[in-house]
Structures are given as C-alpha cells and as structure tokens.
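# Overview (structure and organization)
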Amino acid sequence: MERFKAAAERSAVMKPFVHRVSDRKDLLQACWQFTGALPGWKGYINTYDGYVHSANALRGVYRAARSNGVRFFLGEKVGAVEEVVYENTSRGRRSTGVRTKDGRVHPASLVVVAVGAAAHKILPELGTNVSAKSWSVAHVRLTDDETAALRGIPVVYARDLGFFFEPDQKTNLLKLCPMGGGYVNTDPASGVSKAPEGVNRFVPYEDELKMKELLRQTLPHLADRPLVEKSLCWFADTDDSDFIIDYVPKTSSSVMVMTGDSGHGFKMFPIVGRWVRDLLNASGGQQPIKRWRWREPKPVNGETSQDADVSWRVGDIRELRDLSEHPMKAKL
Ligand SMILES: Cc1cc2nc3c(=O)[nH]c(=O)nc-3n(C[C@H](O)[C@H](O)[C@H](O)COP(=O)(O)OP(=O)(O)OC[C@H]3O[C@@H](n4cnc5c(N)ncnc54)[C@H](O)[C@@H]3O)c2cc1C
C-alpha cells in the first residue's frame, strides 16, 4: 500500500491530491455515505483518480470510429474470428486475413489481434507468455434513491475484501469485485491457462462471502441483499504484468498482438491506440519499448499452471475446476 501511495506521490501533478486516511473520521471525510464500522481501515485517498464507465467509453469510441469510416463486424458469428489465415511465401509464412465463424474470409495486409484473454485461441504460439485468469464480479440491485445517494463516491478498494465504486445510474447496479490471486483454467495438454468458451455465470462461494463482508464493513444496509448478475471476468496475465505489443514471430510482420492486460489495462484506454501506431512507425519494425516485446514462451510440463506470483495481488491462484458456488462443494 505504501508502495502504491509513493508511486502516486512521485507525480507532481497528483501529489497534492493524495491524502492519508488513518481512522473512521478520515474515511467519513472522504466518503460520507459509509455507515459501516470500517474496522481497522486505514490507507490513503487519491482524489485525482476516479471511475470511468467502461461500456460508455467503448460506445463513445465505437461511434467516433464509425463516423470516421471504420467498419465493424459484430455478433457471435459475423464478428467472431476463428483463425488467422496464412499463406506460405518464399520469405516464410504471411497472413492474408482472418476467417470468421460464418466462414467469411476478411482479407487484410495486417492483422492486429486484441482479444483479451481469448488470445490463445487465435495465436496458440503465445503459449506461457499469457495466462488466462479471472476474478469474480457480482452486483447488488439498488433503488433509484440508493443509486442517487452513492453518486460520486470514491473507488473503494480494501486489499483483502475487494472493491466497488459508484453504481450505474441507468441500471441501478452496484458492481463488486473481490479480487485476489485469480482463477486459472489450465489445459492439461499444454499446461497453459486458456479462457473457457462462453460465460461463467457464477462466482465461487468464498468470493460471495468476501463481497458481503466488504458491504457489511462499509454499507451494511446492502450486505444482506442477494448478489445478482454474477460472473467470472477473464483477463490476460503476464508474469511481470507488462503488455505484449509486438509483431508475432514468423508471420513476416503481418500479425501484431496486443495482449497481457494483466487485469489492469482499461485505464490505458485513452492512449492504447497510440502504441499500435508507434510500433507501425518504429524503425526496423522493432518494438521500441523493450518490456513490451514478444518473449519466447517457457517450456511447460502440463497440468499445473506456470504462473508466477503477481506482486500487487494478495491471495492464492486456483483452478476453475476446483471452484463451486456452493459452500459444501467448494474445495478449500
Ligand atoms: C473483475 C475485473 C476488474 C477489473 N478492474 C480493472 C480496473 O479497475 N482498472 C483497469 O484498468 N482494468 C481493470 N480490469 C482489466 C480490464 O478489464 C482489462 O485490462 C481490459 O478489458 C483488457 O482489454 P482488452 O481489449 O485487451 O480485452 P477485453 O476487454 O477482454 O476485450 C477483448 C474483446 O475481444 C473479443 N473477442 C474475444 N475473442 C474473439 C474472437 N475470436 N473474435 C472476435 N472478438 C473476440 C471479446 O468479446 C472482447 O470484446 C479488470 C478486469 C476484471 C476481470
């Protein structure tokens, strides 16, 4: 926590907005809506930071891109890429485009793969470079008045319990995420964790307990409400939490990959496109930022995931197959 605080304070712009919170009084100063006991809560508040409505941000970019002539192919068949199509040339393999689930081939001189945790499906050569991992997400349904009362609250992040932020004004849903080490789905044949097909519409029982405890300590009037719209949310983890933004080897620079968001990529949304442009313009076609270059995947020995500990997370990594939404079935 001190390390995060110090990082924020290294920015001259941000420093004046970073304040320590040491007791309940300080916390109520930051968020008057707390009615819980906040037992032992201390940390810092950074009022420079805040919350962005990701779906609306995506909608905004979609509209702007469309009005600039970008064509979108959306939907489960028309928009789902099955594979990158290659041809063999005298200089080696080269992509000619992509094939979607409806069988259509979209010709392209450059394919940029940016499909989050699903990257292995399209680029199996990623191997252990990326590990599909997930956290739980669930919601509490509020009334109009309850939503209004929580408008503008700070993002509240308790290391051992999880986080929440202001509810969605349109849906009246308060989103909760318990965080932790994350859940993997290791493919025994390759030893690589790959995102499962479809959506996992449940959260493990222990996460449900964490989210309820988070509410009990902060907004106890919501702690006994049913959790709704539960799911596991998948992201693409790398060992060092750095992106991979590079050409895929042995594709004659015809395929670029952007992956490795490591569960903290959305905050880069306003600037992420620039990184593709920079790579396209880079001299010699080499990624100028060393830590974002393609790494050679490590060999694997099957069955167990090859994940390293991620320094900014607390908690164990567990396999999807060991999880249960019921207390008796959960393998703890
Ligand atoms: C619970 C949770 C909390 C998070 N909290 C934060 C946070 O507080 N701050 C933050 O910055 N980040 C956060 N993140 C991380 C953030 O959501 C990701 O970093 C970000 O969404 C990654 O963007 P992406 O475009 O790489 O992948 P995604 O957002 O996963 O997008 C990939 C897209 O590709 C599509 N796709 C997949 N396969 C195919 C295919 N075959 N063909 C066509 N399309 C395909 C998917 O449908 C999806 O639309 C969180 C993640 C989780 C799971």
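Residues numbered from 1 in each chain as written. Predicted model: local features only at pLDDT ≥ 70, side-chain atom pairs only at ≥ 80, totals over all residues. Heavy atoms only, no water.

### Some words on the UniProt feature "domain: FAD dependent oxidoreductase" (unreviewed entry) in the chain
Feature annotation in UniProt places "domain: FAD dependent oxidoreductase" (unreviewed entry) on residues 18-279, given in this structure's numbering. A distance of 34 Å separates the end C-alpha atoms of residues 18-279, which is 20% helix and 30% strand. (UniProt positions renumbered as here; feature names shortened; annotations may be inferred. Helix = DSSP H or I, 4+ residues; strand = E, 2+ residues; numbered from the N terminus.)

### Concerning the site of the ligand
Taken together, 20 residues are adjacent to the ligand, and Val81, Cys233, Asp261, Gly265 and Lys267 come closest. A distance of 2.8 Å separates an oxygen atom of the ligand from a polar atom in the backbone of Gly265. Between the ligand and Lys267 there is a distance of 2.7 Å, counted from an oxygen atom to a backbone nitrogen or oxygen. Of all the secondary structure elements, the ones that give two or more residues to the shell around the ligand are strand 7 (131-141) and strand 14 (228-237). For the shell around the ligand, a count of residues per class yields 13 nonpolar, five polar and two charged. (Near = heavy atom within 4 Å. Polar contact = N/O pair within 3.5 Å; in protein donor to acceptor, adjacent residues only side chain to side chain. Nonpolar A, V, L, I, M, F, W, Y, C, P; charged D, E, K, R; others polar.)

### Comments concerning the nonpolar core
In terms of nonpolar packing, the biggest core is built from 26 residues, with Phe34, Phe164, Leu174, Leu176 and Leu215 touching the most fellow members. For this core, the elements supplying multiple residues, two or more each, are strand 7, strand 8 (156-158), strand 10 (173-177) and helix 6 (205-218). Per-element tally for this core: the top contributor is helix 6, with three residues. Setting aside chain neighbours within four positions, we find Phe164 in contact with Phe34, Ile153, Pro154, Val155, Val156, Leu174, Lys175, Leu176, Leu214, Thr218 and Leu219. Within the second largest apolar cluster, 15 residues are counted, among which are Leu123, Ala236, Val255 and Val257. (Core = buried A, V, L, I, M, F, W, Y, C linked by side-chain atoms within 4.5 Å. Buried < 20%, exposed > 50% of the residue type's maximum accessible area, 1.4 Å probe, protein only. Contact = heavy atoms within 4.5 Å.)

### Thoughts on the domain arrangement of the chain
Reports often express the size of an interface as the amount of accessible area lost when the parts come together. As far as domains go, the chain holds domain 1 (1-49) and domain 2 (55-130 + 239-292). One C-alpha centre belongs to domain 1, the other to domain 2; they are set 37 Å apart. (Domains from an automatic or database assignment.)

### Comments concerning the sheet that holds strand 16 (residues 255-259)
Strand order in the open sheet made by the three strands is 6-16-15, with mixed pairing throughout. On the outer flanks of this sheet lie strand 6 (111-113) and strand 15 (244-247), each paired with one strand and no other. Averaged over all neighbouring strand pairs, the angle between strand axes comes to 10°, with direction disregarded. In this structure, strand 15 lies alongside strand 16, joined through four bridges in antiparallel fashion. For Tyr247, the partnering residue across the bridge sits in strand 16 and is Met256. (Pairing = 2+ DSSP bridges. Axes fitted to C-alpha atoms, helices over the stretch in contact; angles between N-to-C directions.)

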